[in-house]
Amino acid sequence: YCAAADMTDAAEIIATARALLLDFDGPITALMPPPLNARAAERARAALQHVSLPGEIRTTTDHLAVLRYAAEHQDTELGSVEAACSAAEIDCARISQPSPEVHAILCGATRRSVPVAVVRNNSEEAVKEFLHRFGWTESIRVLSCRTPSIALKLKPNPFLVEKAVALLGVDAADCVFVGDSVTDVEAGNAAGVRVVGLAKTAERGRQLIGAGAWAAIEREYW
């Protein structure tokens, strides 16, 4: 998708970062590829089995959509839905594999003494499970992840990005956020960080640039 100049721009942007923020599902690992995503959504819905759900929630394969619905309309059940979502994510984190890019990203950050944070709508327990498997708990020390109390502040809300920036102690303008979704771009822009999109397809690359990513790169570029 991306022209050589675009890829060079992305590399230059990342090279100037004083802190690096990474989305988890995509840049670090494919946490819930089909059909695991659909199974996670089923587990989340099971916690609301006594509730008459709207059609889009009954059929969604996005477990976080079920979580948001519970936060907005069934807050007394939010704890049960959160527990189901977290359990599904942890199960996936126990078997998912690193993305093609993450080794190079972390090595580059370590070489330049750039701190790295994970900014993710997933539970902290799931992220920790994955990082522990591969010995990356020292490389990635700052986690800005979902908790039940912020179910309505997930990306594209900038809350998690802003939290990561604050924990890193670096100005937002000096941070670069690598993400592979439009919501990542929207959250990063709202928080004032520079966003580099990780594009799996040409269409996704166009979407990320259209949403305001500073640059977009193909997976194999790393």
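Cut-offs applied
Residues numbered from 1 in each chain as written. Predicted model: local features only at pLDDT ≥ 70, side-chain atom pairs only at ≥ 80, totals over all residues. Heavy atoms only, no water. Axes fitted to C-alpha atoms, helices over the stretch in contact; angles between N-to-C directions. Helix = DSSP H or I, 4+ residues; strand = E, 2+ residues; numbered from the N terminus. Parallel < 35°, antiparallel > 145°, perpendicular 65-115°, else oblique. Left-handed = near helix turned anticlockwise from the far one by under 90°. Contact = heavy atoms within 4.5 Å. Nonpolar A, V, L, I, M, F, W, Y, C, P; charged D, E, K, R; others polar. Core = buried A, V, L, I, M, F, W, Y, C linked by side-chain atoms within 4.5 Å. Buried < 20%, exposed > 50% of the residue type's maximum accessible area, 1.4 Å probe, protein only. Phe/Tyr/Trp six-rings, centres within 6.5 Å; stacked < 30°, edge-to-face > 60°.

(A) Molecular detail of the packing of helix α9 (residues 182–191) against helix α10 (residues 202–211). In contact at an axis separation of 9 Å, α9 and α10 are set at 20° when each is read in the N-to-C sense. With respect to α10, the axis of α9 lies roughly parallel. Viewed along their axes, α9 and α10 form a crossing whose handedness is right-handed. Between α9 and α10, the residues in contact are V182, V185 and N189 and Q207, L208 and A211, respectively. Of the residues in the contact of α9 with α10, the class split is four nonpolar, two polar and no charged.

(B) Region of interest: the packing of helix α2 (residues 36–46) against helix α5 (residues 78–93). Where α2 meets α5, the closest approach of the two axes is 8 Å, and the angle between their N-to-C directions is 155°. With respect to their mutual orientation, α2 and α5 come out roughly antiparallel. You can see that α2 and α5 cross each other, and the crossing is right-handed. In contact with L36, A40, R43 and A44 of α2, α5 contributes V81, A84, C85, A87, A88, D91 and C92. Of the residues belonging to the contact of α2 with α5, the class tally is nine nonpolar, no polar and two charged.

(C) Expanded view of the nonpolar core. Membership of the largest hydrophobic core comes to 36 residues, with the highest contact counts inside it found for L20, L22, I28, I140 and V196. Core analysis: the next-biggest nonpolar cluster, separate from the first, contains 23 residues, V142, F177, A191 and A199 among them.

(D) Spatial organisation of the packing of aromatic side chains. Tallied over the entire structure, the rule returns four aromatic pairs. Ring plane angle 80° and centroid distance 5.5 Å describe the contact between F24 and F130, whose orientation is recorded as edge-to-face. Taken as a pair, F24 in the loop between β1 (19–22) and α2 and F130 in helix α7 (residues 124–133) lie far apart in primary sequence, 106 residues in all. For F24, a relative accessible area of 0% gives the class buried. With a centroid separation of 6.0 Å and an interplanar angle of 55°, the aromatic rings of F130 and W136 are classed as tilted. Its relative accessible area of 0% is what places F130 among the buried residues. Residue class for W136 comes out buried when judged on its relative accessible area of 8%. What links up through ring pairs into an aromatic cluster is the set F24, F130, F134 and W136.

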